[in-house]
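Listed below, chain by chain, are the residues.
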Amino acid sequence: MGVALALVDLYKSFALTQIIRGVSLEIAAGERHAIIGPNGAGKSTLFHLISGRLAPTSGEVRLNCERIDGLPPYEIYRRGLSRSFQITNIFPRMSVYENLRCATLWSLGHKYAFWTPLDRLRDVRERTDWLMERIGLTARRDVQAAVLTYAEQRALEIGVTIGGGASVVMLDEPTAGMNAGESQQAVALIRQVTEGKTLVIVEHDMDVVFNLADRISVLVYGRIIATDTPARIRENDEVREAYLGQASGA
Amino acid sequence: MTSSLRFLWPWLALAMLFAGAPQIHTSGSALTMMSVMGEMIIFALSFNMLLGQTGLLSFGHAVYFGLGGFVAIHAMNAFIRAKVGVPVVVIPLVGGAAGLGFGFLFGLISTKRAGLVFSMISLGLGELVSSSSFILRSFFGGEEGITTNRTKLAPFFGHKFGSQIEVYYLVAVWCFFCIAAMYALTRTPFGRMCNAVRENGERVEYVGYSAQTIRFIAFSFSAFFAGIAGGLTAVNFEIMNAQQLGAQQSGVVLLMSYIGGIGYFAGPILGAIVITFLQITLSDVTNAWQLYFGLLFIGFVLFAPGGLAGWLMLHRDAALNRELWRLAPAYGMVAPALAASFAGAVMLIELAERQLALARSEGSAMRLFGFEVDAASMGPWLIGLVLFCSGVGLTWLIWPKVTGAWGVVNVRLRARSQAWASPSR
Amino acid sequence: MLQIVVFSTLNGVLYGMLLFMLASGLTLVFSMMGVLNFAHASFYMLGAYLGFEISRHLGFWSGFIIAPLCVGGIGALVERFGLRQLHRLGHVSELLFTFGLAFVIEEVVQMIWGKLPVDYNVPPSLDFVAFRLFDTTYPAYRMFMLLTAVTMFAVLLIVLTRTRIGLIIQAALTHPDMVAMLGHNVPRLFMVVFGAGSALAGLAGVIAGPALVTQPSMAALLGPILFVVIVVGGLGSLTGAFVASLIIGLVQTFAVALNISFSELFGPIAPPLFGDLWQVTIAQVAPVIPYLLLVTVLIFRPTGLIGKRET
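Note that this is a predicted model, so its numbers are computed, not measured.

The next point concerns the interface of chain B and chain A. Each side of the interface is counted separately: chain B has 26 residues, and chain A has 38 residues. Between chain B and chain A, a total of about 2,800 Å² is buried, with carbon and sulfur atoms accounting for 60% of that surface. Ranking the residues of chain B by area buried against chain A places Glu-199, Arg-203 and Tyr-206 of chain B at the top, with a combined share of 27%. The interface formed by chain B and chain A includes four salt bridges. Note that Glu-157 of chain A and Arg-203 of chain B form a salt bridge whose closest N and O atoms lie 2.6 Å from each other. At the boundary of chain B with chain A, the tally comes to 15 residue pairs in polar contact (both at pLDDT 80 or more).

So, in structure tokens, the structure goes:
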């Protein structure tokens, strides 16, 4: 189809410390791509570079062949890339419904409208209801986000991320802190809501990664040491040494 | 039909209240006080657009109020001199336009940052404008200020607005429309995103919105309405003084909104009414009224951060479910203790105030709660001290009863809401 | 002309030092606790008034020692019984609390000492001429103020960098939670730092009182300038506060000394608009300069001169 997201020779330093040292990667449209790596490898930094939280020291980030490096997050979002956060980053005192509604407003074209009452906007209502149904939180519609259970909050986090209909969805450790059952549910949800979209996911849980990903990139000390299908990554000696540990059998 | 009636009835009630108030309180001073209340309601609501709704704490909001008023008053004088047929009813809009203009200008600088830096910029800008008032004498009129005569403007359907009751109705109509407009704003996509910025300014950027743009628009609107309030004040008092855009006025609007309750739309309305009332009546009764305001403010910050509206809403669920009566015994016990501490504190402060004035030779006789008292003698001091200490001590002892009663009420409310909730799938 | 420059520089540096005495305490408290103490200038005023009151009964030097300690004690109490309760409610509540406190302190001071300035004078032991330059004298008291300020910084620097508690404070400046995990009593540390910051402000008040006017509006006059200093310097940066204090101190002092009107300055190129604006002298504009500086710096460098901390 085409390349949805391309990283070209990305470098990022903080003062004298280089965190990302020359990352190049191409992710095809509709692909599910996982990025794994030991702690401190720079996975979050990479996410920040792509989503606009940080600007690269050098190199390019291209979304659908358009350069987005150095743009503020909202510009990148408007071009079709949305991300979630490792530490749940929602609107704590708003209800589930209101949280999701905030995520839909821009993409439905309402922007900074101060002349239309929200209650009369049917497209907003319908889309928010649909979103709520997809993430399975319709029963908790009016509950304040801060008092949801952890798994519910993570689901809401995903809901807010996909609310605007972005074509490239980036999820930062979506199953962090979940038990096996919750993880399975989360994976099913992720698979469902990213149908037909490009997914980039950072994860530590290897079951999730091997279950979900079409291709995996391994990031170690700011460099990608391997990008391949899950099966071949499992066999890769360099990867096993750096990350999986020699003991992991197939 | 019933849903639109349910939506309309608070507005009808409000309109009737505004219309009927002068029939109940007919004296000139009451009308003046109610007019000032109307102006302050608009001012406080405009302030809360920033703080309560967008999370921006401004220490210089009076700038837009004052500049709106000054532009309005100069406009009035210009219209009178040029004999242009502009009626006084439109003047507040002139104030609003001025507020909006300055809001745009200063907003470009102020809204680049949020949080603490925003507050400090607002303080700096406030001082900038306030200090400039001594330099730009022809605009600000120096110490005497600028005066005008509203009756010299073109009449509006025969009204020249010379009497206070006509001014009251002018203020009331503008106040009603401003309340409605500001409320309507909260129900728009923009209004909701302001709340989102308050909740999590970072996340907002990741759902497509520029937090800075939202802050800027909110700032401009709030300056617009503050300017309207300033324009109404200019019409009402026919004088504008540089004090009205200074730090003290900015502090007063903060006080009003906070005490009213920044978490609810109607909070600042409540705060504006209560504080205006206190400001006007207390200054006649005691010299230490500003100290009381400061202590009141600190008291609310420490013990009632939700303000008056917050406190009322706390009881709403209980009231709706008819559980309120359970709180009555505990409240009944703690109320006299609180009253005693309050009375004792007031006594001590008043006595101290009089005693210190004595040290500057102003005499020690005074009136306290209607009694003649000599501040130099031990008696009143002892009474005040005993009242205060016993009051505070008793409150501290009885308070667990209040929390206990609330515990019971909350358990019952939660049980009831769980019974209503649909069983989970 | 040279006379004006020399004396203005001396006075400007002195004023800058005074500002830094206040700004340093404020910055330390802010960096460590995240609280911007609106009442910091009020503690300065309390120091001046307490210094005055104590010096009336026990002499200047007793006031010099006791007053800052009193103010420090008051600060510690404020932290213990006020701010500590508000940590959980967030920074806005803490800021509002100190805002209310500043107001209350001003009212109490007015109640006790009246609205007019009090007669806080330079002690006779310091009331002589330090030196003479181009027929203008420079008072020894100002040299004493300068000496006190510099000594205070030296002590602060030594305490922060060479003592154990200084090390703990430096750590708690950036990682209060970690310091707590290491077993230090962080709430008590906060109380100590807040008290020390207030004591410093009080000390500044004690020495500034006789030189400047001791009146109830002291705090309200100096407060906003203090906030300009720390925002221009960059919130949380001591170096930035130092630089900003000196800049503002020097600029304002020079502005007051230069009593030329704008029309004299710009001469024939002054346009006829803004009539009275051109008659205004630089000295009259002096109070506005810090705020103009604030606005200018924030337009071009939103994080302040040496800003590093994002709130």
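Read on, since the account is not over.
Between its terminal C-alpha atoms helix α5 (residues 150–162) of chain A stretches 19 Å, which fits the 18 Å expected from 13 residues at 1.5 Å a residue. For α5 of chain A, the tally of buried residues reaches eleven of 13 residues, placing the bulk of the element in the interior. When α5 of chain A is considered as a whole, its buried residues turn out to be Glu-152, Gln-153, Arg-154, Ala-155, Leu-156, Glu-157, Ile-158, Gly-159, Val-160, Thr-161 and Ile-162 of chain A. Elements that come into contact with the buried residues of α5 of chain A comprise β6 (81–83), α3 (96–105), α4 (122–134), β7 (168–172) and α6 (180–193) of chain A together with α8 (189–205) of chain B.

Confidence in the prediction for chain C averages 83 pLDDT; 91% of positions are at 70 or higher. Reported confidence for the predicted complex is 0.91 by ipTM and 0.90 by pTM.

Residues and elements named next belong to chain A. With respect to topology, six strands assemble into an open sheet ordered β6-β7-β8-β3-β9-β10, the strand pairing being mixed. Whereas interior strands pair on both sides, the edge strands pair on one side only; in this sheet they are β6 and β10 (223–228). Between one strand axis and the next, the sheet turns by 15° as a mean value, whatever way the strands run. With four bridges connecting them, strand β3 (residues 32–36) and strand β9 (residues 215–220) associate as parallel partners. Bridge pairing links His-33 to Arg-215 in β9. Against the sheet, α5 contacts β6 and β7, and its axis sits at roughly 155° relative to β7.

Attention shifts here to the arrangement of the chains. Most contacts, among the two pairs of chains that meet, fall between chains B and C. Chain A shows no contact with chain C. Their nearest C-alpha atoms sit 13 Å apart.

Overall, antiparallel pairing links the four strands, which are arranged β2-β1-β4-β5 (chain A) in an open sheet. Strands at the two margins of the open sheet, each flanked by one partner only, are β2 (17–28) and β5 (66–67) of chain A.

For an α-helix, the turn length of 3.6 residues means that residues three or four places apart are oriented alike. Look at helix α3 (residues 60–86) of chain C: 37 Å from first C-alpha to last across 27 residues, which is about the 39 Å you get at 1.5 Å a residue. For α3 of chain C, the principal kink sits at Glu-79 of chain C and spans about 40°.

Cysteine pairs can be linked by a disulfide, which is a covalent bond between their two sulfur atoms. Inspection of every chain in the model, using the stated rule, returns zero disulfides over all chains. Cys-178 of chain B takes part in no disulfide bond, and the closest cysteine sulfur, belonging to Cys-175 of chain B, lies 7.0 Å away. The class for Cys-178 of chain B is buried, based on a relative accessible area of 3%. Between Cys-194 of chain B, a cysteine without a disulfide, and Cys-102 of chain A, which holds the nearest cysteine sulfur, the sulfur-to-sulfur distance is 11 Å.

Okay, the pairing of β7 of chain A next. Looking down a regular strand, the side chains alternate between one sheet face and the other. Residue and element names in this part refer to chain A. Counting buried residues along β7, five of its five residues qualify, which places the element largely inside the surrounding structure. By the alternation rule, side chains of β7 split into Val-168, Met-170 and Asp-172 and Val-169 and Leu-171, which are all buried. Sheet topology places β6 next to β7; three bridges connect them, and they run parallel. When the sheet's bridge partners are listed, Arg-83 is paired in β7 with Met-170. In this structure, β7 lies alongside strand β8 (residues 198–202), joined through five bridges in parallel fashion.

Let's shift gears to the interface of chain C and chain B. At the interface, 45 residues of chain C touch 40 residues of chain B. In total, chain C and chain B occlude about 3,600 Å² of area from one another, counting both sides; carbon and sulfur atoms represent 81% of this. The interface formed by chain C and chain B holds zero salt bridges in total. Across the contact surface, chain C and chain B share zero residue pairs in polar contact (both at pLDDT 80 or more). Going through the elements one at a time, α3, α4 (91–113), α9 (218–233), α12 (275–279), α13 (282–285) and α14 (289–300) of chain C are the ones with two or more residues in the side of chain C that touches chain B. For the side of chain C that touches chain B, the leading source of residues is α4 of chain C, giving 16 residues. Residues of the side of chain C that touches chain B, tallied by class, amount to 33 nonpolar, nine polar and three charged.

About the criteria used
- Residues numbered from 1 in each chain as written.
- Chains lettered and ligands numbered in written order.
- Predicted model: local features only at pLDDT ≥ 70, side-chain atom pairs only at ≥ 80, totals over all residues.
- Heavy atoms only, no water.
- Contact = heavy atoms within 4.5 Å.
- Buried area = accessible area lost by both parts, 1.4 Å probe.
- Salt bridge = Lys/Arg side-chain N within 4 Å of Asp/Glu carboxyl O.
- Polar contact = N/O pair within 3.5 Å; in protein donor to acceptor, adjacent residues only side chain to side chain.
- Helix = DSSP H or I, 4+ residues; strand = E, 2+ residues; numbered from the N terminus.
- Expected span 1.5 Å × (residues − 1).
- Buried < 20%, exposed > 50% of the residue type's maximum accessible area, 1.4 Å probe, protein only.
- pLDDT = per-residue confidence, 0-100.
- Pairing = 2+ DSSP bridges.
- Axes fitted to C-alpha atoms, helices over the stretch in contact; angles between N-to-C directions.
- Bend = angle between axes of the 7 residues up to and from the residue.
- Disulfide = S-S within 2.5 Å.
- Nonpolar A, V, L, I, M, F, W, Y, C, P; charged D, E, K, R; others polar.

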